[in-house]
Each structure stands twice: as C-alpha cells, then as structure tokens.
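Each chain, letter by letter, is given below.
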Amino acid sequence: MPLLAALDYASVFVFALTGALVASRAQLDLIGFIFIASLTAVGGGTLRDLILNRDTVFWVANPVYIGVAAAGAIIVFFTAHLLESRYRGIVWLDALALSVAVPSGVGAAVALRMPDSIVVIMGIATGCFGGLMRDVVCNEVPLVLRQGELYVTCALCGGTVAILLIHVTGALPLALLGCAAATFALRAGSILWHWRLPVYKSFPPRQ
Amino acid sequence: MPLLAALDYASVFVFALTGALVASRAQLDLIGFIFIASLTAVGGGTLRDLILNRDTVFWVANPVYIGVAAAGAIIVFFTAHLLESRYRGIVWLDALALSVAVPSGVGAAVALRMPDSIVVIMGIATGCFGGLMRDVVCNEVPLVLRQGELYVTCALCGGTVAILLIHVTGALPLALLGCAAATFALRAGSILWHWRLPVYKSFPPRQ
Amino acid sequence: MPLLAALDYASVFVFALTGALVASRAQLDLIGFIFIASLTAVGGGTLRDLILNRDTVFWVANPVYIGVAAAGAIIVFFTAHLLESRYRGIVWLDALALSVAVPSGVGAAVALRMPDSIVVIMGIATGCFGGLMRDVVCNEVPLVLRQGELYVTCALCGGTVAILLIHVTGALPLALLGCAAATFALRAGSILWHWRLPVYKSFPPRQ
C-alpha cells in the first residue's frame, strides 16, 4: 500500500533528523551522526517486524530506508547550527516522527490481521522504541519518561482512533491519517499547553 | 501445559508490579506506569521467544498478558503510597518474579527439545532481561549489577536444579516447581542474610 | 565455512574478555563476569541473526560459543589484576574483537546473498552492538560515542573493503581477511595517533 510505505519513509526520515540532533549534542563526527540517526530511524520498525515475525525486516527488504536515514543525518550535520534551539528541534521533530510511526505500526499489524489490542500495541511500540533506543544509547532522559508530559498516551490515543475509524468507516487510509492527526494533536497540546494526566505523587517523596 | 501458562501469567503480573513501582519512583502518570510495567513484564519472555524462534511471541498469541500487566500497573498506581518502603517492595517482588520467570523460560526451551545448556540459558535470559530493560530505561542501577548480591547466580542454580530434576525424575512439573523454589530460596538468602560469592577486587582499585 | 566459524569463535572470545574487564570495574562476582561477558560476546551476532531471520541463532545452534565466552570471563576474573591498566586492555581488546566481528557479520550476510548495502550494515551491526549493550548495561560511556575517535567508521571501512575485494577478486576468505585488517588498522590508528574525522561543533555550545 503506497500510504503505508509513505508513512514508513516519513517516519524513518524524521526520526533520523531527531537522532542526528541528539548526536550533535554529543559532538560526534558525520559517521556517528549516521549511526545514531539510523538506530533511531529504524529501531522501532525493526522491533515491530521481529515481534510480528514478518518474513523480512523492512529495511533489509529495501535498503533505501537506510539511505534516507543517512541523508537526514547529513542534512542535520551541515545545518544544525542554524537552529536557534536544538532541544526544541528535537522535541518537535520527535512529535512529528511519533505521529507517522504510530500509524505505520498500526498499518503493519492490520495487514497481518492482528487483533485490535495487538494493533494498538504495535502502534505504540513502533512509535516509542526508536526514540527510546536513541535516548538510552546517548544517555539522555528518555522522552517517554519526561515527567508531566504526554508521550505514550499520545500513541495510545492515536492507535485507539485508528481502531475506531477502521470499525466505523472500514477505510484503512482514513484510519491511518486520523491516527496520525490524533497523535500529533495530543502531543502538540502537551508540549505547547502542558496538557497532562495526574502523575503519581509519593508521600513522603522517594523512599 | 497449564503449569507453564500459570508461570507465564505469574511472571508477567509480578514483574509488572516491579515495573510500576519503578515508574512510581520516576513519578510518571498512569499510562507511563502501564508502559514501564508492560516492558518489564514481557521483555524477558519476548527475548526468549525471538531467540528460540517460536512461531509467535507469547503475548501476541494471547494479548491477555498485556491486560494482566496493565492491571498490575493500575493496582500499584493507586496503592503504592501504602507501602512503607517502595525500594524493599521492588526487591522482594522482583525476587518473586525472577523465581517464576526462570522456570517459564526453562519450560519453553524444554518444550522445543533444546539441549540442557540452552535450557539453562533461556531460564536465565527470561528471568533477568525484563528487569534489566526496566532498570536501563528508568536509569536505575540494574539489579544484576548490584554488588555483592546473588542474582544471575540464583537463575543459574534454578535452571541447574530443573535440569537435574528432569533427568532424575522425568517429571517436568516437579522440575519447574523445584526450579522456582531453588531460585527464590537463594535470592531470598542473598537479600536477607547477604549470601554472596567472592567478588573481584582490584589492587589498586579502579584504574 | 571454517573461516567464518573461526571468526565467530574469535569474536566471541575476545568480546567476552572485554565484557569481563568491564565487569571487573563494577566489582562483580564470577557469575556476574560470565553474564556480562556472554552478553557482550553474543549480543551483536544475536542481533545479526534475528534481523537476517536465520533459522537458528548461532549460539543456540551451537552452545559451545557460550562455553567459550564463559572461559574468557573466568580467565579475566583470575588474571585481570596483572594488567597495568584495565582501561587500556578494554580498548585494545575491543579493537581486536571489532575487527573479527565485522567480517563475521559480513560473511553471514554474504552467505544469505544479501545486497552489498545490507552486507556492510550487518558488518557494522555485528561489530558494534555487542560492545554497545555491554556499555549501556554497565553504564559506561559507549565506545561508539567516544568523542573524536573512529569506531563505527572503522567498521564501515572494513565492510566496504570486503565488498570491494569480493567484487574484484571473487575470493570471500581473502575479502574477510582484508576486512579484518582494514578495520583493525583504522581503529589502531585512531587509538594510537588520534586519527579522526571533523566533529560537529555547535556555536554557541550545547543549547
């Protein structure tokens, strides 16, 4: 399906940009940029393909994805100094990447006729694990753990919207677009207006 | 085999409790609790299933496992403040989870007619990697690295007891129960009475 | 192919030595040494086999590999105090392990008739991820992120040399040996004479 491939390409490219920006904070060389960018870009989708036991991991079937990730890394290497705040760049590009990676995971699971719960979980896993690997390897606080921000919640809502739209309309492309829009809207609201869920509070704090 | 499924459910539930307690130390929201709890709960078993090349990862075949992990996370979210020491709760629940995850890994490998050495290794991997992922993602010192405590050793002994009981008695359920008992007894002894093996000492320290 | 098996054994043994040396810095006991050594030794190859969808992970097909890793850990446990600098030991043994792991990944991908780009990537992944897992779990700064040193670049050049030699000479054993030599020469030059690529510099630093 062309839409699914487009989502995969977009997710790889934008996650690669975030990985390269994190690499720039660690002051790596160009090959280091490409390494971290590729890990971030294909990490979530690789996990998705292994868990779903697809015949071939998506970037092994089509190595162009790695070229796309490398292109993103090269662009960032030569232009990141133009950004006013790399940190804000990471957060917003990551929001965009999350919003296309979630429907990509959802679409892959639907294509394998997985039950609804697995479809939602694969959306979350595809969306969250690339960025998680990036942050763990580069020793940044993972975005999924950033206190008082919605992150996994956005992926969960996006996946749920996709399932609802599939059942109501029967149109997968519409469902994937709705999924992307819901994920991005919620994440953007959380970044801009600090939308959040109540967090656990310990009394007394940290034992 | 019902015993194997029971071990899997118990391991998922108790590991989820430990993951949620770690999430409470990071003051996440409810969805964050469920995310970390699920990662901890199914991480070891997912690795086991991928390495053993089983047809389907256990929780993809039966998504109820994720519901069990989520239930554990929700319970902890609303009751963790009742604990006197969350840290002690994590250590003891983790000991319990380890003791059911090791026989679950052993049983899965035996069912695939793996050689004894792989059976023991899959017991160790299933037992240790869920907690390891939890600690790496949440930036806690991994329990497997806690100095002067037995951890991997407990899983190794549990796996060895299982192999011995299989060869001596031929009864797999008995072997799995013995494995769980041996793992827990050793881990409990290490926590309570500081049983340990000699550790590496460098002269002079840390070069 | 005997050369491929020899590369696998060498890579497992030498990576195990580096893992055990890192374990010695964390002052673990003997079983902790074996755990970290095995993780380091088979981590990269396990990832390679999962991504390439090989029928059986190499050490599951032949558990002797784990015995080799354990032997390396035991040797280090009893002899590491003889080293003048464990840190230098880790860096040089890691360079050696990288140089045999890259051709092992290349050879495995060639045997599955993968395209050139995937061959190079599997060389990089097999070479880099065992050490990366070791460093992430033990909370050391990953060697791949060490600023101003060539690491991934060495694996990339080694893989490229292998591809060139395969196309020019058609002799795989020669290509794998050339790959190992190129990887090691570049890494050694980077350690000894600080060969490096220009790194990203931010103006002003770290936003």
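To keep things clear, this report deals only with the structure shown in the data block. What you are looking at is a predicted structure, and each value in this text was computed from that prediction instead of being measured.

## Some thoughts on the environment of Ala95 of chain B
Residue and element names in this part refer to chain B. Relative to the helices and strands, Ala95 resides in helix H5 (residues 86–111). Remark: the alpha-carbon pair of Ala95 and Arg54, spanning 41 residues in sequence, is separated by 27 Å. Those residues within four positions of Ala95 in sequence are excluded, and the remaining contacts are Phe184, Arg187 and Ile191.

## Description of the interface of chain A and chain B
Contacts between the two partners involve 32 residues from chain A, matched on the other side by 34 residues from chain B. Of the roughly 2700 Å² buried where chain A meets chain B, counting both sides, 64% is carbon and sulfur surface. Across the chain A-chain B interface, the total number found is 0 salt bridges. Of all the elements in the fold, those that place two or more residues in the side of chain A that touches chain B are helix H2 (30–51), helix H6 (116–137) and helix H7 (152–169) of chain A. If you tally residues by element for the side of chain A that touches chain B, the top one is H6 of chain A, at 9 residues. Along the lines of polarity and charge, the residues of the side of chain A that touches chain B split into 23 nonpolar, 6 polar and 3 charged.

## Describing the relation of the copies chain A and chain C
Its rotation angle being 120°, the transformation that places chain A on chain C also includes 0.0 Å of axial translation and leaves an RMSD of 0.0 Å. The two molecules are tied by a three-fold rotation axis, judged by turn and shift. Comparing interface residues between copies, only 6% of those in chain A also sit at the interface in chain C, which points to a heterologous contact through distinct surfaces.

## Concerning helix H2 (residues 30–51) of chain C
Residues and elements named next belong to chain C. Here H2 contains 22 residues, and its C-alpha end-to-end distance of 31 Å stays within 8% of the 32 Å for a straight helix at 1.5 Å per residue. Helix geometry: H2 is bent most strongly at Val42, by close to 40°. Counting buried residues in H2 gives 20 out of 22 residues, a clear majority hidden from the surface. The residue sitting at the N-terminus of H2 and contributing the capping side-chain oxygen is Asp29; that oxygen lies 3.2 Å from the backbone nitrogen of Ile31. Taken from the residues just after H2, Asn53 is the one with a positive phi, measuring 55°.

## A closer look at the side chain of Ser24 of chain A
Its place among the elements puts Ser24 of chain A in helix H1 (residues 2–25). Accessibility expressed as a relative area gives 1% for Ser24 of chain A, which makes it buried. With residues near it in sequence (within four places) discarded, Ser24 of chain A still touches Phe33 and Arg86 of chain A together with Tyr200 of chain C.

## Some details on the interface of chain A and chain C
Each side of the interface is counted separately: chain A has 34 residues, and chain C has 31 residues. Where chain A abuts chain C, roughly 2700 Å² becomes buried across the two surfaces, and 65% of that area is made up of carbon and sulfur atoms. The largest per-residue losses of area from chain A upon contact with chain C belong to Gln27, Ile31 and Phe35 of chain A, which jointly make up 24% of the total buried on that side. Here chain A and chain C share 0 salt bridges between them. Where chain A touches chain C, the interface holds 3 residue pairs in polar contact (both at pLDDT 80 or more). When residues of the side of chain A that touches chain C are traced back to their parent elements, those giving at least two are H1, H2, helix H3 (58–61), helix H4 (64–79), helix H5 (86–111) and H6 of chain A. Per-element accounting of the side of chain A that touches chain C gives the leading share, 8 residues, to H2 of chain A.

Parameters at a glance
- The numbering scheme is per chain: residues are counted from 1 as the chain's sequence reads.
- As they are written, the chains are lettered A onward and the ligands numbered 1 onward, keeping that order.
- Local features are withheld for residues below a pLDDT of 70 in this predicted model, meaning they are given only at 70 or higher, and side-chain atom pairs are given and counted only at 80 or more; totals for whole chains, interfaces and linings count all residues.
- Calculated side-chain values reflect all of the structure's heavy atoms, with hydrogen atoms and water omitted.
- Here a helix means four or more residues in a row that DSSP labels H or I, a strand means two or more in a row labelled E, and each is numbered from the N terminus.
- In what follows, residue pairs with any heavy atoms lying within 4.5 Å of each other are defined as contacts.
- A quick way to say it: buried area is the sum, across both parts, of accessible area lost when two parts are put together, with a 1.4 Å probe.
- Salt bridges are identified by distance alone: a Lys or Arg side-chain nitrogen within 4 Å of an Asp or Glu carboxyl oxygen.
- Any residue that is not Ala, Val, Leu, Ile, Met, Phe, Trp, Tyr, Cys, Pro, Asp, Glu, Lys or Arg is counted as polar, Gly included; the first ten are nonpolar and the last four charged.
- Alignment of the copies relies on least squares applied to C-alpha atoms, considering only residues that score at least 70 for pLDDT in both.
- By this rule, a helix spans an expected 1.5 Å times one less than how many residues it contains.
- What is called the bend at a residue is the angle between a pair of axes, fitted to the seven residues leading up to and ending at it and to the seven starting from it.
- Residue exposure (1.4 Å probe, protein chains only): buried if accessible area is under 20% of the type maximum, exposed if over 50%, otherwise partly exposed.
- Polar contact criterion, stated in full: a pair of N or O atoms within 3.5 Å, where within protein one must be able to donate a hydrogen and the other to accept it, and residues adjacent in sequence count only if both atoms are side-chain atoms.

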